Amino acid sequence: MKVRIVGIVVIIFSCCAALFLSGCKKGEEKPVAGLQVVTTLFPLYDFARTIAGDKAQVTMLLPPGIEPHTFEPRPEDMIRISRAGLFVYTNKYMEPWVEKIITGIESKSLRIVNAGERVTYRAGGAKDEHDHKEGAEHDQHHDHKGMDPHIWLDFANAALMVDTILDGFIAADPVNSGVYHQNAETLKKRLIALDLHYRKELSSCSTKKLLHGGHYTFGYLARRYNLEYHALSGISSDSEPSAERMAALVREIRSSGAKYLFAEELLSPRLTETLAKEAGVGVLMLHGAHNLSRDDQSKNVTFFDLMERNLLQLEKGLQCRGK
Ligand SMILES: [Zn+2]
């Protein structure tokens, strides 16, 4: 794997060098003015484009509708990253491939931002046993695979991510730091308002059980609003649920008295529908915001739109305020 990626990097840089020496052939992308920012997942893209305003150009690496956990960059993605001034990713649990490519990119002007570097990580999975802080004291041999990468679904974490992305913008383009700073402040105020809205609406629900027929996405969100989270499968959306786990979830739904099972976006809802039918409950969609569908992208949907949509679904599914 590593050899393959290094090989791709070598080929790309050979091509870039050849283009550079030939003075950029006709038909190639023209250089664009201003800071160029490439992000991986949708929340980073949405935060970065808000911080950028009209001072920088932000693009998202993931094509619409693509499953993010199994995504690996294609050679053309590597070229996009190496040509950017700023590359923003979520964390090493979400995009483990970033660590592999960092050493291969030799662009002097590229800054790489780990948006989750200020966040306290938690283990994924139903038991959510231990807190985990990234740091030097940390045992190198500790298994990182269990850390939950979905940090953006706790809006206090999202605000920390905004701070870290802002630092990247300011370092890459100090001339426009005033604008970036102001846009980031507005964004953080909106995140605080969103958090308050969630806290208010989810404070009086008939059930605290968030039953999810998908992968372990909403651990941080559930914890923030004192919900008990039961997901069908692990922290990656390609983890296969066992028959035992499916039966356990159906038992949990039946014993909880819940009326709905939540399904996840971008995956076939068939399994969730089958389980919901067996448990005698309805299905509601909850969006993890990893990526957008083509339809949502064409409607220019924002992170806040998705989260308000989720809140309505949660209020219905958890029967809050008599809903
Ligand atoms: Zn996920």
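Keep in mind it's a predicted model, so treat the numbers as computed, not measured.

Undergrad: In this structure, what is going on with the overall build of the protein? I would like to understand it.
TA: Secondary structure assignment for the protein yields 11 helices and 10 strands. When burial is assessed residue by residue, the protein has 39% of its 323 residues classed as buried.

Undergrad: Where do I start with the packing of helix H5 (residues 155-172) against helix H6 (residues 177-201) in this structure?
TA: When two helices pack together, their arrangement is captured by the angle between the axes and the distance separating the axes. Direction vectors running N to C along H5 and H6 enclose 175°, while the axes themselves pass 9 Å from each other. Between H5 and H6, the interaxial angle falls into the category roughly antiparallel. Residue-level contacts link Phe-155, Ala-156, Ala-158, Ala-159, Val-162, Leu-166, Phe-169 and Ile-170 of H5 to Ser-177, Tyr-180, His-181, Ala-184, Leu-187, Lys-188, Leu-191, Leu-194 and Asp-195 of H6. In the contact of H5 with H6, the residues fall into 13 nonpolar, 2 polar and 2 charged.

Undergrad: Would you explain the pairing of strand S2 (residues 56-60) in this entry?
TA: Two faces, one strand: in a regular strand the side chains alternate between the faces of the sheet. Because side chains alternate across S2, one face comprises the buried residues Ala-56, Val-58 and Met-60, and the other comprises Gln-57 and Thr-59, none of which is buried. As judged from the 5 bridges shared by strand S1 (residues 35-39) and S2, these two strands associate in the parallel manner. Residue pairing in the sheet places Gln-36 in a bridge with Gln-57 of S2. Considered for its hand, the β-α-β crossover made up of S1, helix H2 (residues 42-52) and S2 is right-handed.

Undergrad: Even after reading the chapter, I still don't get the sheet that holds S2, so can you show me in this structure?
TA: Strand pairing in a sheet is mediated by backbone hydrogen bonds. Such pairs are either parallel or antiparallel. If you walk across this open sheet you meet the 4 strands as S2-S1-S3-S4, and the pairing is parallel. Strand pairing shows two members of the sheet lacking a second neighbour, S2 and strand S4 (111-114), which therefore form its edges. Adjacent strand axes in the sheet meet at a mean angle of 20°, parallel and antiparallel pairs treated alike. As paired strands, S1 and strand S3 (residues 86-89) are joined by 3 bridges and run parallel to one another. Bridging from a neighbouring strand, Thr-39 pairs with Val-88 of S3. Strands in contact with H2 are S1, S2 and S3; relative to S2, the strand with the most contacts, it is inclined by about 170°. Running at roughly 170° to S4, H5 makes contact with S1, S2, S3 and S4 of the sheet.

Undergrad: Even after reading the chapter, I still don't get the nonpolar core, so can you show me in this structure?
TA: Across soluble globular proteins, nonpolar side chains have a tendency to be buried as a group. Among the nonpolar cores identified, the biggest contains 76 residues, and Val-37, Ala-48, Ile-51, Leu-86, Val-88, Val-162 and Ile-165 are the most heavily contacted of them. Ranked by residue count, the leading element in this core is H5, at 10 residues. Composition of this core by domain shows at least three residues from each of domain 1 (33-119 + 148-194) and domain 2 (202-317). With sequence-adjacent residues up to four places away left out, Val-88 is seen in contact with Val-37, Thr-39, Leu-44, Ala-48, Val-113, Ala-115, Ile-165 and Gly-168. Counting residues in each nonpolar core, the second largest holds 5 residues, with Tyr-198, Cys-205, Leu-314 and Leu-318 among its members.

Undergrad: Is there a simple way to explain unusual backbone geometry in this structure?
TA: If a residue is not glycine, its phi is most likely negative; likewise, a peptide bond is most likely trans. Positioned with a positive phi, Ala-289 is a non-glycine residue whose angle comes to about 65°. At Asn-300, a residue that is not glycine, the phi angle is positive and equals roughly 55°. Tracing the sequence through the fold places Asn-300 in the loop between helix H10 (294-298) and helix H11 (303-317).

What counts, and where the lines are drawn
Residues numbered from 1 in each chain as written. Predicted model: local features only at pLDDT ≥ 70, side-chain atom pairs only at ≥ 80, totals over all residues. Helix = DSSP H or I, 4+ residues; strand = E, 2+ residues; numbered from the N terminus. Buried ≥ 20, exposed ≤ 12 C-beta atoms within 10 Å, placed from the backbone. Axes fitted to C-alpha atoms, helices over the stretch in contact; angles between N-to-C directions. Parallel < 35°, antiparallel > 145°, perpendicular 65-115°, else oblique. Contact = placed C-beta atoms within 7 Å. Nonpolar A, V, L, I, M, F, W, Y, C, P; charged D, E, K, R; others polar. Pairing = 2+ DSSP bridges. Right-handed = clockwise from strand over helix to strand, strands pointing away. Core = buried A, V, L, I, M, F, W, Y, C linked by C-beta atoms within 7 Å. Domains from an automatic or database assignment.

Honestly, it's all geometry; don't read function into it.
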